[in-house]
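Residue-level structural notes
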Amino acid sequence: MTKATTSSVLKRASLPAALLLLGGAAQGQEAFFLSMAGAPAMIELRSAALRPGLQGALVIPPPALRGVIMAPPPSSQAVGRHSRGRLLNPALLPMEGPGFVKIQRRRGRHYGTDELIVALKGIGARYAALYPGEARIQVGDMSGPKGGRVGRHGSHESGLDVDVAMIASGEAEQDPDREGFDESFVRKGGVLPRFDIERNWAFVSVAVGSAGVGRIFLDRSIKKAFCSRYGVDPANEEILRKLRPQKRHGDHFHLRIDCPPEDGRCRPQAPPPPGSGC
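Conventions used here
- Residues numbered from 1 in each chain as written.
- Predicted model: local features only at pLDDT ≥ 70, side-chain atom pairs only at ≥ 80, totals over all residues.
- Heavy atoms only, no water.
- Helix = DSSP H or I, 4+ residues; strand = E, 2+ residues; numbered from the N terminus.
- Expected span 1.5 Å × (residues − 1).
- Buried < 20%, exposed > 50% of the residue type's maximum accessible area, 1.4 Å probe, protein only.
- Disulfide = S-S within 2.5 Å.
- Contact = heavy atoms within 4.5 Å.
- Phe/Tyr/Trp six-rings, centres within 6.5 Å; stacked < 30°, edge-to-face > 60°.
- Axes fitted to C-alpha atoms, helices over the stretch in contact; angles between N-to-C directions.
- Parallel < 35°, antiparallel > 145°, perpendicular 65-115°, else oblique.
- Nonpolar A, V, L, I, M, F, W, Y, C, P; charged D, E, K, R; others polar.
- Polar contact = N/O pair within 3.5 Å; in protein donor to acceptor, adjacent residues only side chain to side chain.

Taking 1.5 Å as the rise per residue, helix 4 (residues 197-208) with 12 residues should run 16 Å; its terminal C-alpha atoms sit 16 Å apart, in good agreement. Three or more residues of helix 4 are buried, namely I197, R199, N200, W201, A202, F203, V204, V206, A207 and V208.

Structure below.
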């Protein structure tokens with residue numbers, strides 16, 4: 001319900017019919033106060049955490065709060081470097097959504113900047129549109145609730161990094177509580193046949209096309225396989241440029257987004273050099 005819609009409701013409905021008194025509403029709900037001529041200040045509740053049917057309801061606030069305009073929640077802030085930083089006002093990735101599912105859930109590393117959450121949701125939705133009804137992208141470690149040191153990682157500290165499982169041929173989604181990734185696709189410098197090069201290329205193409213994604217780390221052998229298959233086409237140069245070889249990345253992609261422009265204390269990383277890197 002928009003503020004304009006609320007206005008029209010109050011104009012055409014009697015005041016008792018337009019107001020709903022809610023007892024014990026969820027704490028931390030997102031609310032917007034509305035001051036209107038000839039009527040008490042109102043609150044429009046928009047939190048999805050409310051009980052079913054209550055979102056968008058109009059509530060009479062306590063007298064001391066009437067007429068007050070509440071600011072929206074503060075935006076996230078990435079501070080410092082990817083490898084030595086922290087995360088303020090973190091955003092939370094849902095455990096699943098269109099085209100994605102969170103795995104390795106017991107670690108509690110499902111926080112990031114607002115921009116990272118938006119990017120992941122968009123990537124999931126676009127990938128699902130390419131392969132409807134098939135396994136969703138599987139999101140591994142992100143950052144902790146305050147950023148900072150994350151075990152088993154040399155980065156993931158400022159809410160700008162996320163691991164995503166590579167895609168196997170005929171893949172089913174792994175147990176979301178399982179530790180680690182189901183399988184590695186690199187052995188003795190070669191890429192194993194179960195590595196679905198078409199779907200993995202579709203994923204990195206969608207990811208690179210998402211706003212803010214600055215680079216994607218992956219095993220050198222997998223970068224080489226992509227270069228062999230897709231490097232002939234000059235249109236793929238930008239995708240390949242952002243695929244950066246890194247050891248111990250034979251089972252997952254490591255996406256890193258750039259410092260958001262508004263995060264003044266975020267220390268940016270130099271962009272990848274020109275060229276495909278093949």
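With the rule as written, the count across this model stands at 2 disulfides. Across the disulfide from C227 sits C278; the S-S distance is 2.0 Å. Residues C227 and C278 share a disulfide whose torsion about the S-S bond is about -80 degrees; that sign makes it left-handed. You can see C227 sitting in helix 5 (residues 220-230) and its partner C278 sitting in the segment after strand 16 (252-257), a full 51 residues away along the chain. Look at C278 and you get exposed, because its relative accessible area is 56%. Here C259 is linked by a disulfide to C266, with a sulfur-sulfur distance of 2.0 Å. Disulfide C259 to C266: torsion about the S-S bond roughly -70 degrees, handedness left-handed. Comparing C259 with C266 shows no difference in burial state: the two are buried. The connectivity of the disulfide-linked cysteines in the protein, indexed sequentially, is 1-4, 2-3.

The subject of this paragraph is the environment of F195. Inspection of the secondary structure assignment puts F195 in the loop between strand 13 (190-191) and helix 4. For the pair F195 and I222, spaced 27 residues apart in sequence, the C-alpha to C-alpha distance is 9.1 Å. Sequence-distant contacts of F195, defined by excluding residues within four places in its chain, comprise M166, I167, S169, F185, N200, I222 and F226.

So, on to the packing of aromatic side chains. On inspection of all chains with the given rule, the structure shows 7 aromatic pairs. Judged by centre distance (5.2 Å) and plane angle (45 degrees), the rings of Y127 and Y131 are tilted. Note on Y131: relative accessible area 12%, which makes it buried. For the ring pair F226 and Y230, a centre distance of 6.4 Å and an interplane angle of 50 degrees mean the geometry is tilted. In this pair, F226 and Y230 are both assigned in helix 5, 4 residues apart and thus about one turn of the helix distant. Both residues of the pair, F226 and Y230, belong to the buried class. Taken together, the ring pairs connect F185, F195, W201, F226 and Y230 into an aromatic cluster.

So, on to the packing of helix 4 against helix 5. Their axes nearest at 11 Å, the elements helix 4 and helix 5 cross at an angle of 95 degrees. It follows from the interaxial angle that helix 4 and helix 5 lie roughly perpendicular. Mapping the contact onto sequence places I197, E198, N200 and W201 in helix 4 and A225, F226, R229 and Y230 in helix 5. A per-class count over the contact of helix 4 with helix 5 returns 5 nonpolar, 1 polar and 2 charged.

As for its placement among the helices and strands, S76 is situated in the loop between strand 3 (58-59) and strand 4 (77-80). Among the polar contacts listed, one links the side chain of S76 to the backbone nitrogen of D114, at a separation of 2.8 Å. Look past the residues within four positions of S76 in its chain and what remains in contact with it is L88, N89, G112, T113, D114, E115 and D263.

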